[in-house]
Each structure stands twice: as C-alpha cells, then as structure tokens.
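Structural features, examined
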Amino acid sequence: QKEVEQDPGPLSVPEGAIVSLNCTYSNSAFQYFMWYRQYSRKGPELLMYTYSSGNKEDGRFTAQVDKSSKYISLFIRDSQPSDSATYLCAMSADNFNKFYFGSGTKLNVKP
Amino acid sequence: GAGVSQTPSNKVTEKGKYVELRCDPISGHTALYWYRQSLGQGPEFLIYFQGTGAADDSGLPNDRFFAVRPEGSVSTLKIQRTERGDSAVYLCASSLMRSGSPLHFGNGTRLTVT
C-alpha cells in the first residue's frame, strides 16, 4: 500500500465550477500537508501549506485536513482555464525530512 | 528573488554512460532535496541534505546513484552506468531549516537514457 493515495483523474470541469481534489494517507504521524500545482514540463509550484488539522484559505483556494479520517482536500472556487494542471498532495511527519507525494490529479477546466 | 535552478534542463545519454545533474538552491536555504518523477507519477524521494551532509539517503535506488553538496549550497546528483530505467525527471527542492518551511522546486532535469 502506498503512503499517499490520490485519484489520478483526469477531472474535467466547466469554467467557474468548484473543484474538489482529495488525498488519503495511511501514516497517522503525518502532520505537515501541502498542495502543489504542476504545469506540463515544469516543477511543482507550492499552492497551500497546512499544519495538523483544520482549514486554510488563500484566495480561491481552500485546504482542509481531517487527521481523524486521514483525508485532505483542496477546493478551488470559480475555476479558470489557467487552473488546468496536475495537482499533487504531499505530506510529512517531520518538516525537515522526507515528504511523501500522491501521484497527482490532472485537472482540465474548459472555457 | 531567484528560485531553484537546475541544469541541464534536458539530458540525453547512452546506456552505460555517466551523468551529472546540478542543482543551485534558493540563497539561504540550508535544506536540499532530490526527487525523481516518472511519467504520470508523483515525485519520489531520493536524498536530503542538511548543509553539507546527507541526512537521509534512503531513497537512492542503488549504489550507481550518488549526490554531493560540498559547500552547503550547490548540489550534484551523479549517476554511473546509466540504465534505460533511470529515464525520468530529476527534481531538486530547497527549504529553510525551520518549522513550517515548505519545499520549493526547480523545473527539473529530464533525463533520457537511450
């Protein structure tokens, strides 16, 4: 079993839709959670970073962590064609060591 | 400011050859990471440096892979006797050594072994 599971998609939505992206994990020691956006042939770009459980909002993006269910989510409001990319979740038990990544969800926002 | 810089952006080499991939982290970032990303997959951890020393190299697949960071800044990932299975994008990331500091990635080196 992988440390982090993520539905690969692809996920296709119309412009303006609310997008929900999710990851599940097995290691209850994980306490640092990140979401990255990766465009084709580019490196991952940090979107959201949260510690422990709870919600964090930044513009159109909201990250949620439910440690009791070992489940994290990223919501994108008013999705734009420029949001079309692969979204990677990542997590770590220790901020200064390995971060484990999901396999990524490919999102396509249609104009 | 400048982000993480990786060179070359693309490298094509023949099976059995030796390659070096370079990473220049964000200035002041003392932690440096190498990851490998295969097509359709997420990044997979290879090695992590705190300063000059490798704090965790448990992700290196075998002894053909080696990485150095002699002055605590630039790092080089070295692959000997390359195999076709080594073909992937090699990503470098850096971060500050303090709680709450996320990873910042470069655009990677796309290695193709023919």
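A brief look at the structure comes next. (Residues numbered from 1 in each chain as written. Chains lettered and ligands numbered in written order. Predicted model: local features only at pLDDT ≥ 70, side-chain atom pairs only at ≥ 80, totals over all residues. Heavy atoms only, no water.)

1. With respect to the sheet that holds strand E3 (residues 19-24) of chain B
All names here are of chain B. Short version of the rule: If DSSP finds at least two bridges between two strands, the strands pair. Under the scheme used here, helices are H or I runs from DSSP no shorter than 4 residues and strands are E runs no shorter than 2 residues, and both carry numbers assigned from the N terminus. Comment: axis = line fitted to C-alpha atoms, over the contacting stretch for helices; angle = value between 0 and 180 degrees taken between N-to-C directions.
Read across the sheet, four strands follow the order E1-E3-E8-E7 without closing on themselves; strand pairing throughout is antiparallel. Looking at which strands have only one partner, the edges of the open sheet turn out to be strand E1 (5-7) and strand E7 (65-68). Sheet twist, expressed as the mean angle between neighbouring strand axes with direction ignored, is 15°.

2. Quick word on the state of the cysteines
All names here are of chain B. Test applied: Two cysteine sulfur atoms form a disulfide, by the criterion used here, when they sit within 2.5 Å. Here the term buried applies to any residue with accessible area under 20% of the maximum for its type, exposed to any over 50%, and partly exposed to those in between, with areas from a 1.4 Å probe on protein chains only.
Here the structure, examined in full by the defined rule, presents two disulfides over all chains. Each sulfur of the disulfide joining Cys23 and Cys92 lies 1.9 Å from the other. On the S-S bond that ties Cys23 to Cys92, the torsion sits near -70°, and the link is left-handed. Pair noted here: Cys23 is in strand E3 and Cys92 is in strand E9 (residues 88-95), with a separation of 69 residues, a long-range link. Each member of the pair, Cys23 together with Cys92, is buried.

3. Things to note about the layout of surface pockets
Our working definition: Lining residues are those with an atom within 4 Å of a point, where the points come from a 1 Å grid over the protein atoms alone and group into cavities, where a 1.4 Å probe fits but cannot get out, or pockets, open sets with protein on both sides within 12 Å along at least five of seven lines. Grid points are joined across faces, edges and corners, and a volume is the space filled by probe spheres set on the points. Basically, the charged four are Asp, Glu, Lys and Arg, the nonpolar ten are Ala, Val, Leu, Ile, Met, Phe, Trp, Tyr, Cys and Pro, and anything else, Gly included, counts as polar.
The space that makes up the largest pocket amounts to roughly 690 Å³. Lining the largest pocket are 29 residues; nearest its centre among them are Gln38, Ser40 and Arg41 of chain A together with Leu39 and Arg110 of chain B. Elements with a minimum of two residues in the lining of the largest pocket: strand E9 (85-92) of chain A together with E9 and strand E11 (109-113) of chain B. By residue number, the principal contributor to the lining of the largest pocket is E11 of chain B, which donates four residues. Each residue belonging to the lining of the largest pocket can be placed in one class, and the counts come to nine nonpolar, 16 polar and four charged. Approximately 400 Å³ is the volume found for the second largest pocket. If you trace the second largest pocket, you find 20 residues lining it, with Phe101 of chain A together with Gly42, Pro43, Glu44 and Phe45 of chain B closest to the centre. Going through the elements one at a time, strand E10 (100-101) of chain A together with strand E4 (31-37) and strand E5 (44-50) of chain B are the ones with two or more residues in the lining of the second largest pocket. Tallying contributions element by element places E4 of chain B first for the lining of the second largest pocket, with three residues. Residue composition of the lining of the second largest pocket, grouped by class: seven nonpolar, eight polar and five charged.

4. Observations regarding the packing of aromatic side chains
Let me state the cut-off plainly: Pairing of aromatic rings covers Phe, Tyr and Trp, the last counted by its six-membered ring, and requires centre-to-centre distances within 6.5 Å; plane angles under 30 degrees mean stacked, over 60 mean edge-to-face, and any other angle means tilted.
With the rule as written, the count across this model stands at 14 aromatic pairs over all chains. With 5.1 Å between their ring centres and 45° between their planes, Tyr32 of chain A and Tyr51 of chain A make a pair best called tilted. Of this pair, Tyr32 of chain A sits in strand E4 (residues 32-38) while Tyr51 of chain A is found in strand E5 (residues 45-51), placing the two residues 19 residues apart along the sequence. Note on Tyr32 of chain A: relative accessible area 9%, which makes it buried. Consider the rings of Tyr36 of chain A and Phe101 of chain A, whose centres lie 5.8 Å apart with planes at 45°: the pair is tilted. With Tyr36 of chain A in strand E4 and Phe101 of chain A in strand E10, the pair connects residues that are 65 residues apart, well separated along the chain. By relative accessible area, which is 0% here, Tyr36 of chain A ends up buried. Three or more aromatic residues joined by ring pairs make a cluster, and in this case those are Tyr36, Phe99 and Phe101 of chain A together with Tyr33, Tyr35, Phe45, Tyr48 and Phe105 of chain B.

5. Some points on the side chain of Arg64 of chain B
Residues and elements named next belong to chain B. What counts, and what does not: Here, residues are in contact when the closest pair of their heavy atoms is within 4.5 Å.
Tracing the sequence through the fold places Arg64 in the loop between strand E6 (53-56) and E7. For Arg64, a relative accessible area of 6% gives the class buried. Non-local contacts of Arg64, meaning those with residues more than four positions away in its chain, are made with Lys78, Ile79, Gln80, Arg81, Thr82, Glu83 and Asp86.

6. Thoughts on the pairing of E9 of chain A
Residues and elements named next belong to chain A. Among the eight residues that make up E9, seven are buried, leaving the element largely enclosed by the rest of the structure. Pairing between E4 and E9: seven bridges, direction antiparallel. Its bridge partner lying in E9, Arg37 is registered against Tyr87. Sheet topology note: the E9/strand E11 (residues 105-110) ladder contains three bridges and is antiparallel. When the sheet's bridge partners are listed, Thr86 is paired in E11 with Lys106. Examined bridge by bridge, E9 and E10 share two bridges and lie antiparallel to one another. Residue pairing in the sheet places Met91 in a bridge with Tyr100 of E10.

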